[in-house]
Amino acid sequence: MLELFSIFTKGGIVLFCFQGACTQLITSTQAVNESIKNILIQGSPSNQYNHKNLTIQLKLDNEFELVFAVVVQKMLQLSYLDKLIDTIHLEFRDRYKNELRDGTLWLNGCDFNSEFSTILSKIENEHRVKKAAPRAMKTVYRI
């Protein structure tokens, strides 16, 4: 289950924030702050960071100076996180590219809730179907 998904500028202006089953919002926020410190400021080669019982994954958009952050519980290894963050990244850029280019998005705000919910539901459903599909048996050859 998704704890937190946030889109913000490298300057720290939050453009969009989704709080899922976020039982500890303060911990999630601290986790994002720690990941920013370790990944962005200190230049860690990884885009993933673990903080207490949370895993944070960041995606940077250097053209528009954006950061996409997703927070999940560490014990949940969600295999669709990469697809989710990439899809949200592309959809957000496509929808708001003119405002991002003009620098007016943070002045006018953005309403990305319905698009985010639609994309999240679609990707979670695809993941459930894929997970429920029967797997082909592996053949082991002995010589």
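Quick note: structure is the one above.
On a predicted model such as this, the values are computed, not experimentally measured, just so you know.

A.B. asks: I would appreciate a short explanation of a nonpolar patch on the surface in the present structure.
C.D. replies: Residues I13, W106 and L107 make up a contiguous nonpolar surface patch of roughly 310 Å² in combined accessible area. Note that L107 resides in helix α3 (residues 105-108).

A.B. asks: Teacher, can you tell me more about unusual backbone geometry here?
C.D. replies: A negative phi holds for most residues other than glycine; trans holds for most peptide bonds. Even without being glycine, E65 reaches a positive phi, approximately 60 degrees. Its place among the elements puts E65 in the loop between β4 (54-61) and β5 (66-73).

A.B. asks: Help me understand helix α2 (residues 81-102) in this model?
C.D. replies: Three- or four-residue spacings in an α-helix give side chains the same orientation, since the helix completes a turn every 3.6 residues. With 22 residues, α2 should reach 32 Å at 1.5 Å per residue; the first-to-last C-alpha distance of 30 Å fits that figure. The largest bend in α2 amounts to roughly 70 degrees and is located at Y96. For α2, the full list of buried residues reads L81, L84, I85, I88, H89, F92, R93, Y96 and L100. Elements in contact with the buried residues of α2: β1 (2-9), β2 (14-19), β4, β5, α3 and α4 (113-132). Within two residues after α2, G103 carries a phi angle of roughly 80 degrees, on the positive side.

Cut-offs and rules
- Residues numbered from 1 in each chain as written.
- Predicted model: local features only at pLDDT ≥ 70, side-chain atom pairs only at ≥ 80, totals over all residues.
- Heavy atoms only, no water.
- Patch = residues over 30% accessible without salt bridge, like charges linked within 9 Å, V, L, I, M, F, W, Y side chains within 5 Å.
- Areas by Shrake-Rupley, 256 points an atom, 1.4 Å probe, with all protein chains shown as cover.
- Salt bridge = Lys/Arg side-chain N within 4 Å of Asp/Glu carboxyl O.
- Helix = DSSP H or I, 4+ residues; strand = E, 2+ residues; numbered from the N terminus.
- Expected span 1.5 Å × (residues − 1).
- Bend = angle between axes of the 7 residues up to and from the residue.
- Buried < 20%, exposed > 50% of the residue type's maximum accessible area, 1.4 Å probe, protein only.
- Contact = heavy atoms within 4.5 Å.

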